[in-house]
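Tertiary structure, described
Single-letter residue listing:
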Amino acid sequence: MDVNEFRVRGKEMVDYICGYLDTLESRRVTPSVEPGYLRELLPTEAPHDPEDWDAIMADVESKIMPGVTHWQHPRFHAYFPSGNSFPSILGDMLGDAIGCIGFSWAASPACTELETIVLDWLGKAIGLPDEFLAFAQGSKGGGVIQFTIIQAFNAIEFEFEHPPHSPDFASSDFHLFGLLETHFGGKRFADDEEVETEVTEKTVKKFYAAGFDALTSASECVLVTMLAARAQAIRKQKQQHPFVEEGVLLSKLMAYCSKEAHSCVEKAAMICFVKLRILEPDEKCSLRGATIQQAMEEDEALGLIPFFVSTTLGTTSCCSFDNLREVGPVCRRFGVWLHVDGAYAGNAFICPELKPLLSGIEYADSFNTNPNKWLLVNFDCSTLWVRDKIRLTSALVVDPLYLQHGYSHAAIDYRHWGVPLSRRFRSLKLWFVIRNYGISGLQKYIRHHIRLAKRFETLVRKDKRFEVCNEVKGPCDELITRPRSPIVCKMIMKLKIRGHGPKRAVERLGLVCFRLKGTDELNQKLLSNINASGKIHMVPASVNEKYVIRFCAVVQNATEEQIDYAWDVITEFATELLDTHNL
Ligand code: PLP
């Protein structure tokens, strides 16, 4: 394809995209295909000769689209939103065309500088403390957009190839070796020992999972902060116990999260080869300070070293909030890195009336949110801020000559902020979205979704056959329907400071968890019947040990009619199900 054809095909593609999004409602929200459907439709060999563009696009419609789950469909209410907007699509188009690989400032200065600036914009809009902003007076922190890791190495083979104490045994190997030793109950291996025979299937799975995972976004934010906390903890321990091997120290490190935390915390712990203690939240699915304090005290008494806590603001199952104001001081007391995962809800803090939900952020060492979830930015765009960038990068810096440049001392090199070297020009789409909507436009969008969720919640509550399983209320409801002024926002902050805020400001944003009063099986059947119909799409979760159905306001311009339609479908299926069971 040359530039002239691209000019034509590019315009056709824009038309195709507009047509697709405009008529999405006429498609089934989920595909009705069986696994392997595409294999039957596509040739087994790649084409040897070039193919005509029209033929390729014809296959998109006839072969690909039938297998697509339409996340931008007005009747898609599953998971959390997958951000999508025209300015963002244009940003990605331009970024792809520029095609730079901005691993260092010199590799593409605008790519680095725009990212730093836009993350400061967003960090300020969210209400992060100044220490997290790159350009705030005296700040050591800053933000970064995270990206994909593909760690394609085989941990086990690596271990075998370079036995400890051999010249090839690199410092990073200590971690793998430490885990092996821990796994085998502290057994010490000689340089030439055949470890293979002793590796169980479980260990192999664990190692493979660690070695071969491909992560993106919020998961990666949790991973890199855990890596940084791990490096910091090992350094500290090494100072106190210089003759103890890193592998041994590593085997003592303990990370913590709540049962409600996203599974990415567990995955990060696997990759980091550290222990993870998963704690019980309270009845509102919130991790409390006393729980974490007790766990750390117990672990310290056993000779373990607490080093990292991952908290969540807006959990995946039910959008609950860990109690940062309680957990934060405990982390400070134990010298533990506090990470705050606000993958979904973090975006909402751009609304002044929701900022009380961020209360306690002053204790955090790092915070992440995904504009690609709830800020109209297309996947992938996951933003991470750290209080002290040196503490992050010192776990990740390697500096070969071919990547060095004359401005390293004066500029940010984002390759030190994550695992991969190469990075796309992601900040363009975030910049386009923030500029084109303005913070006020984005606030309007967030409030619109909250209002729709509230509408859905009201419908559920009116039907006595159902119950709502998370909280969708708070002082914000009132404020949302009235024009806000800075004075109103100040009042909320004051309430919070007096201690009334966090309780009253409980807000479950755009997610409603509900269930039929009855057994888990009944609710499973209800959801599977609804999803099989293809009329709307939702997913389940477990909240307080109960099977619940999650309903999320997802599409940018979702309407009240669409919410009402979804409720009609749900009640229709519920009536049918209850009738068949004579309930
Ligand atoms: N954290 C929370 C609270 C989430 O809800 C999710 C996904 O929904 C994640 C982390 C993982 O997000 P990602 O897919 O960006 O890794």
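Residues numbered from 1 in each chain as written. Predicted model: local features only at pLDDT ≥ 70, side-chain atom pairs only at ≥ 80, totals over all residues.

Secondary structure assignment for the chain yields 21 helices and 13 strands. Of all 583 residues assigned to the chain, the portion counted as buried reaches 44%. Restricting the contact set of the chain to residue pairs at least 6 apart, pairs at least 24 apart contribute 76%. (Helix = DSSP H or I, 4+ residues; strand = E, 2+ residues; numbered from the N terminus. Buried ≥ 20, exposed ≤ 12 C-beta atoms within 10 Å, placed from the backbone. Contact = placed C-beta atoms within 7 Å.)

Let us look at the nonpolar core. Membership of the largest hydrophobic core comes to 133 residues, with the highest contact counts inside it found for Met 226 and Phe 307. The dominant element in this core, judged by the number of residues it contributes, is helix α16 (residues 427–462), at 15 residues. Residue contacts for Met 226: discarding those within four places in its chain leaves Ala 255, Ala 268, Ala 269, Cys 272 and Phe 308. (Core = buried A, V, L, I, M, F, W, Y, C linked by C-beta atoms within 7 Å.)

This part covers the site of the ligand. Not every one of the 16 residues close to the ligand is listed here, only the nearest: Ser 217, Ala 218, Ser 219, His 262 and Ala 343. Tallied by class, residues from the shell around the ligand come to five nonpolar, 10 polar and one charged. (Near = placed C-beta within 6 Å. Nonpolar A, V, L, I, M, F, W, Y, C, P; charged D, E, K, R; others polar.)

Turning next to the sheet that holds strand β11 (residues 511–516). Strand order in this open sheet of four strands is β10-β11-β13-β12, and the pairing throughout is antiparallel. Strand pairing shows two members of the sheet lacking a second neighbour, β10 (466–468) and β12 (539–543), which therefore form its edges. Each neighbouring strand pair of the sheet contributes to a mean axis angle of 40°, computed without reference to strand direction. Across four bridges, the pairing between β11 and strand β13 (residues 546–552) is antiparallel. Pairing of Val 512 across the sheet is with Phe 551, part of β13. Set on the sheet, α16 makes contact with β10, β11 and β13; between it and β11 the angle comes to about 15°. (Pairing = 2+ DSSP bridges. Axes fitted to C-alpha atoms, helices over the stretch in contact; angles between N-to-C directions.)

Right, let's get into the packing of helix α5 (residues 109–126) against α16. At a closest axis distance of 9 Å, the pairing of α5 and α16 adopts a crossing angle of 40°. Between α5 and α16, the angle is such that the two are oblique. Seen along the crossing, α5 lies across α16 with a hand that is left-handed. Together, Leu 114, Glu 115, Val 118, Trp 121, Leu 122 and Ala 125 of α5 and Ser 427, Leu 428, Leu 430, Trp 431, Ile 434 and Ile 439 of α16 make up the contact between the two elements. When grouped by side-chain class, the residues that make up the contact of α5 with α16 number 10 nonpolar, one polar and one charged. (Parallel < 35°, antiparallel > 145°, perpendicular 65-115°, else oblique. Left-handed = near helix turned anticlockwise from the far one by under 90°.)

Next up on the list: unusual backbone geometry. Between Phe 379 and Asp 380 the backbone carries a cis peptide bond, its omega angle lying at 0°. Note that Asp 380 resides in the loop between α14 (371–374) and β9 (382–386). Of note in this structure, Cys 285 is not a glycine but carries a positive phi near 65°. Topologically, Cys 285 is positioned in the loop between β5 (275–279) and α12 (289–301). Residue Cys 285 is classed as buried on the basis of its 24 C-beta neighbours within 10 Å. Its identity as a non-glycine residue notwithstanding, Cys 319 has a phi of 60°, on the positive side. One can find Cys 319 in the loop between β6 (305–312) and α13 (324–334). Owing to 28 C-beta atoms within 10 Å, Cys 319 belongs among the buried residues under this scheme.

Attention now moves to the UniProt feature "modified residue: N6-(pyridoxal phosphate)lysine" (unreviewed entry) in the chain. Mapped onto this numbering, the UniProt entry gives "modified residue: N6-(pyridoxal phosphate)lysine" (unreviewed entry) at Lys 373. Mapping Lys 373 onto the fold places it in helix α14. Lys 373 has contacts with Phe 80, Pro 81, Gly 83, Ala 343, Tyr 344 and Asn 347, leaving out every residue within four places of it along the chain. (UniProt positions renumbered as here; feature names shortened; annotations may be inferred.)

Below, the discussion takes up the pairing of β6. Taken across its eight residues, β6 has eight buried, putting it largely inside the fold. Bridge analysis of strand β4 (residues 253–258) against β6 gives five bridges, and the strand direction is parallel. In the sheet register, Met 254 faces β6, and the bridge partner there is Pro 306.

Listed in full, the buried residues belonging to α13 are Leu 324, Val 327, Gly 328, Val 330 and Cys 331. Contacts made by the buried residues of α13 are with α12, β6 and β7 (337–341). Where α13 terminates, the next one or two residues include Gly 335, which has phi positive at roughly 65°.

Before going further, it helps to spend a moment on the pairing of strand β8 (residues 366–369). Residues Ser 366 and Asn 368 line one face of β8 and the alternating positions Phe 367 and Thr 369 line the opposite face, and both faces are buried. Where β7 lies against β8, three bridges are found, and the strand directions are parallel. Bridged to Asp 341 within β8 is Asn 368. Bridge count between β8 and β9: four bridges; the pairing is antiparallel. Within β9, the position partnered with Thr 369 by the bridge is Thr 383.

Turning to the confidence of the model for the chain, a few remarks are in order. Mean pLDDT for the chain: 83, with 81% of residues reaching 70 or above. Contacts from residues 148–179, a stretch scored under 50 in pLDDT, to residues over four places away or in other chains number 57 contacts. Across residues 194–215, confidence stays below pLDDT 50; counting only partners more than four residues off in sequence or on other chains, it has 31 contacts. (pLDDT = per-residue confidence, 0-100.)

Moving on to the packing of helix α4 (residues 86–98) against α16. Axis angle and axis distance: for two packed helices, these are the angle between their axes and the distance between the axes, and together they describe the pair. Contact geometry of α4 with α16 gives a least axis separation of 7 Å together with a crossing angle of 150°. The orientation of α4 relative to α16 falls into the category roughly antiparallel. As for the relative orientation of α4 and α16, their crossing is right-handed in sense. Within the contact between the two elements, α4 uses Pro 87, Ser 88, Leu 90, Gly 91, Asp 92, Leu 94 and Gly 95 and α16 uses Leu 428, Lys 429, Trp 431, Phe 432, Val 433 and Asn 436.

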